[in-house]
Amino acid sequence: MSQTHTLQPSSIRFPVQPRLVPAIKAARYLHLTLREFMELLPTLQDQGFPKSCPITGNYDLVAIDAWLDRRAGLAGSGSGAQSSIDIARARLATLG
């Protein structure tokens with residue numbers, strides 16, 4: 001016997017911030033019009049801008065933030081392992 005379940009609205013309401021957004025919102029996030037974004041997209045992607053999701057066609061805001069951080073010099077230039085090596089060398093150097 002199959003039961004039909006109907007979705008009931010939750011009494012708890014909270015905003016959901018989407019991570020994947022359509023091109024128009026990705027454009028707005030970069031302070032561009034959709035037309036400007038689409039014209040610049042090949043150049044942006046040549047510079048490492050994240051591609052859209054192959055399933056939804058939407059853009060990942062976290063990936064865009066990471067790309068922006070790298071471009072602004074806010075992200076570490078090396079890998080986590082390299083940073084650990086640098087820290088270890090610096091500590092060894094202080095030991096003499």
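Summarised in this report is the structure supplied together with it.

Looking at the pattern of salt bridges
Under the definition given, this model contains two salt bridges. The partner of Arg-35 in a salt bridge is Glu-39, and the shortest N-O contact between them spans 3.5 Å. In this pair, Arg-35 and Glu-39 are both assigned in helix H2 (residues 34-46), four residues apart and thus about one turn of the helix distant. For the pair shown, Arg-35 and Glu-39 are each scored as exposed.

A word on a nonpolar patch on the surface
A surface patch of nonpolar side chains, amounting to about 370 Å² of accessible area, comprises Ile-12, Phe-14 and Val-16. Tracing the sequence through the fold places Ile-12 in the segment before strand E1 (20-21). Here Ile-12 falls in the exposed class, since its relative accessible area comes to 59%.

Focus on the packing of aromatic side chains
Evaluated as defined, the whole model comprises four aromatic pairs. Taken together, a centroid distance of 5.9 Å and an interplanar angle of 70° make the contact between Phe-37 and Phe-49 edge-to-face. Of this pair, Phe-37 sits in helix H2 while Phe-49 is found in the loop between H2 and strand E2 (59-60), placing the two residues 12 residues apart along the sequence. Both rings, one in Phe-49 and one in Tyr-59, keep their centres 6.1 Å apart while their planes meet at 45°; by these two values the pair is tilted. Taken together, the residues Phe-49 in the loop between H2 and E2 and Tyr-59 in strand E2 connect sequence positions 10 residues apart. Of the two residues, Phe-49 and Tyr-59, both sit in the buried class. Through a chain of ring-to-ring contacts, the aromatic side chains of Phe-37, Phe-49, Tyr-59 and Trp-67 assemble into a single cluster.

A short note on unusual backbone geometry
Residues apart from glycine generally show negative phi values, whereas peptide bonds are mostly found in trans. Even without glycine at this site, His-31 takes up a positive phi of about 60°. Its place among the elements puts His-31 in the loop between helix H1 (23-29) and H2. For His-31, a relative accessible area of 73% translates into the label exposed.

Description of the side chain of Asp-60
Positionally, Asp-60 belongs in strand E2. Separated by 2.8 Å, the side chain of Asp-60 and the backbone nitrogen of Val-62 make a polar contact. Filtering out sequence-adjacent residues up to four positions away, Asp-60 remains in contact with Arg-19 and Leu-20.

Rules of the game
- Residues numbered from 1 in each chain as written.
- Predicted model: local features only at pLDDT ≥ 70, side-chain atom pairs only at ≥ 80, totals over all residues.
- Heavy atoms only, no water.
- Salt bridge = Lys/Arg side-chain N within 4 Å of Asp/Glu carboxyl O.
- Helix = DSSP H or I, 4+ residues; strand = E, 2+ residues; numbered from the N terminus.
- Buried < 20%, exposed > 50% of the residue type's maximum accessible area, 1.4 Å probe, protein only.
- Patch = residues over 30% accessible without salt bridge, like charges linked within 9 Å, V, L, I, M, F, W, Y side chains within 5 Å.
- Areas by Shrake-Rupley, 256 points an atom, 1.4 Å probe, with all protein chains shown as cover.
- Phe/Tyr/Trp six-rings, centres within 6.5 Å; stacked < 30°, edge-to-face > 60°.
- Polar contact = N/O pair within 3.5 Å; in protein donor to acceptor, adjacent residues only side chain to side chain.
- Contact = heavy atoms within 4.5 Å.

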